[in-house]
Amino acid sequence: MKIVKRDEAVTVVKDDGTRVVYHMFGEYEVHFNELPPGSVQEWHSHAVLEETICVTAGELTILWTDEADQQSTDILHPGDTARVGTSFHTLRNDSDSTVIFIALRLVLSGEDHTRTFKTDKCIDE
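Predicted model only: the values in this text are computed from it and were never measured.

Quick notes on the rules
Residue positions are counted from 1 within each chain, in the order its sequence is given. Local features in this predicted model are restricted to residues whose pLDDT is 70 or higher, and side-chain atom pairs enter the listing and the counts only when it is 80 or higher, whereas totals over whole chains, interfaces and linings include all residues. Only hydrogens and water are removed before side-chain values are computed, so all heavy atoms of the structure are retained for them. Here, strands pair whenever DSSP counts at least two bridges between them. Elements are defined by DSSP. Helices are runs of H or I of four residues or more, strands are runs of E of two residues or more, and each kind is numbered from the N terminus. In what follows, a contact means two residues having at least one pair of non-hydrogen atoms within 4.5 Å. Note on geometry: axes are lines fitted to C-alpha atoms, helical ones only across the stretch in contact, with angles between N-to-C directions running from 0 to 180 degrees. Within this document, salt bridges are pairs made up of a side-chain nitrogen of Lys or Arg and a carboxyl oxygen of Asp or Glu, the two lying within 4 Å of each other. Think of it in three bands: with a 1.4 Å probe and only protein chains considered, a residue is buried below 20% of the maximum accessible area for its type, exposed above 50%, and partly exposed in between.

K.L.:
Even after reading the chapter, I still don't get the pairing of strand 3 (residues 28–35), so can you show me in this structure?
P.N.:
Consecutive side chains of a regular strand alternate in pointing toward one face of the sheet and then the other. Across 6 bridges, strand 2 (residues 19–24) lies against strand 3 in antiparallel orientation. In the sheet register, Tyr22 faces strand 3, and the bridge partner there is His31. In this sheet, strand 9 (residues 99–106) lies alongside strand 3 in antiparallel orientation, the contact comprising 8 bridges. Residue Glu34 lies in a different strand from strand 9, and its bridge partner there is Ile100.

If you want it as structure tokens, here you go:
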């Protein structure tokens, strides 16, 4: 087991007040984000990595473009997850309170491991 405490992770505070705590591992990255009211991330995409966003507090507005270059928008609430993939996207906080979300970033092999996720648990009896 490897435990990485918050003070051991890489913390970045951006110009708009967004705080990101990066936990980087060889095959994936987990980062905790605090997006203050009125904050907007720059539009961006990822060429190789897969990004999944999991909202834990507040309301996060996500905008993205699809393969036909059509723009879409949705609002994510606590417990909602967005699999961003490689789409061009941005995140913004239109509310009066801080949005907190976790981003998982991975470089995927394209293999389906759904069965493994459902069954790979050994019980100590």
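K.L.:
Explain the environment of Leu91 here, please?
P.N.:
Among the secondary structure elements, Leu91 is positioned in strand 8 (residues 89–92). Separated by 28 residues in sequence, Leu91 and Leu63 have C-alpha atoms that sit 6.4 Å apart. Beyond its immediate chain neighbours, meaning those up to four positions away, Leu91 contacts Leu35, Ser39, Val40, Gln41, Ile53, Leu60, Thr61, Ile62 and Phe101.

K.L.:
Please clarify how the sheet that holds strand 2 should be interpreted in this entry.
P.N.:
Read from one edge of the open sheet, 6 strands run 1-2-3-9-4-7, paired in antiparallel fashion. Each having just a single partner strand, strand 1 (10–13) and strand 7 (81–83) make up the two edges of the open sheet. Neighbour to neighbour, the strand axes of the sheet diverge by 15° on average, direction disregarded.

K.L.:
Where do I start with the pairing of strand 4 (residues 50–57) in this structure?
P.N.:
As paired elements, strand 4 and strand 9 share 7 bridges and run antiparallel to each other. The residue bridging Ile53 from the neighbouring strand is Ala103, located in strand 9. With 3 bridges joining them, strand 4 and strand 7 adopt antiparallel strand pairing. Paired with Ile53 across the bridge in strand 7 is Ala82.

K.L.:
Got a minute to help me understand the pattern of salt bridges in this structure?
P.N.:
In total, this model carries 4 salt bridges according to the counting rule given. In this structure, Arg6 engages Glu34 in a salt bridge whose closest nitrogen and oxygen atoms are separated by 3.4 Å. Here Arg6 is found in the segment before strand 1, whereas its partner Glu34 is found in strand 3, with 28 residues between them in sequence. Residue class for Arg6 comes out partly exposed when judged on its relative accessible area of 47%. The exposure class assigned to Glu34 is partly exposed, which follows from its relative accessible area of 28%.

Functional significance is not addressed by these values, which are geometric in nature.
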